[in-house]
Amino acid sequence: CLDWEGKLHEFGSQWRTDCNDCYSSRDGIRCCTSYATPVDYDEEKCESIFNKETCSYKVVEKNDHSKECPVHSWVG
């Protein structure tokens, strides 16, 4: 299979690109995010920040990014 970047992948191979886990089969390529997204936190007081280096979110206070906020649910 050819991916969207033009790279060739054997059937049954797996790889990670741009924070996505991908799998190649005879049916095509399937990719899913490799990270969880915070969905249940105080959005008035806090904000989520995505780190592309670690492929993860951190939820912090809007006025003080050194203080993390509790997250009650994640999806991904």
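Counting starts from 1 at the beginning of each chain's written sequence and moves along it residue by residue. It should be noted that, the model being predicted, local features are given only for residues of pLDDT at least 70 and side-chain atom pairs only at 80 or more, the latter also being counted only at that level, while totals for whole chains, interfaces and linings use all residues. Hydrogens are left out, water is left out, and the side-chain values use all remaining heavy atoms of the structure.

Filter applied, for reference: UniProt positions are given in the numbering used here, feature names are shortened, and annotations may be inferred rather than shown by experiment.
By the naming in an unreviewed UniProt entry, the protein chain goes by MSMB protein and is assigned to Grallaria varia. You can read under Sequence similarities (unreviewed entry) in the UniProt record for the protein chain the words "Belongs to the beta-microseminoprotein family." Note on the protein chain: under the UniProt heading Subcellular location (unreviewed entry), the record states "Secreted".

1. Section: the state of the cysteines
In protein structure, a disulfide is the covalent linkage between the sulfur atoms of two cysteines. What counts here: The disulfide criterion used throughout: a pair of cysteine sulfur atoms within 2.5 Å. For the purposes of this entry, the term helix denotes a DSSP run of H or I that reaches at least four residues, the term strand denotes a run of E that reaches at least two, and both are numbered from the N terminus. Partly exposed residues are those whose accessible area sits between 20% and 50% of the maximum for their type, while under 20% is buried and over 50% is exposed, using a 1.4 Å probe and protein chains only.
For the coordinates displayed, the defined rule picks out three disulfides. Between the sulfur atoms of C19 and its disulfide mate C55 the distance is 2.0 Å. The disulfide joining C19 to C55 has a torsion of about -80° about its S-S bond and is therefore left-handed. On the criterion of sequence distance, the pair formed by C19 in the loop between β1 (14-17) and β2 (20-25) and C55 in the loop between β5 (46-51) and β6 (56-61) is long-range, its members being 36 residues apart. Classification of C55 as buried rests on a relative accessible area of 14%. Shown here is the disulfide that connects C46 with C69, its sulfur atoms set 2.0 Å apart. Since a negative S-S torsion denotes a left-handed disulfide, the C46-C69 link at about -85° is left-handed. Taken together, the residues span a long stretch of sequence, with C46 in strand β5 and C69 in the loop between β6 and β7 (73-75) at a distance of 23 residues. Both residues of the pair, C46 and C69, belong to the buried class. Sequence-ordered numbering of the bonded cysteines in the protein chain yields a pairing of 1-5, 2-3, 4-6.

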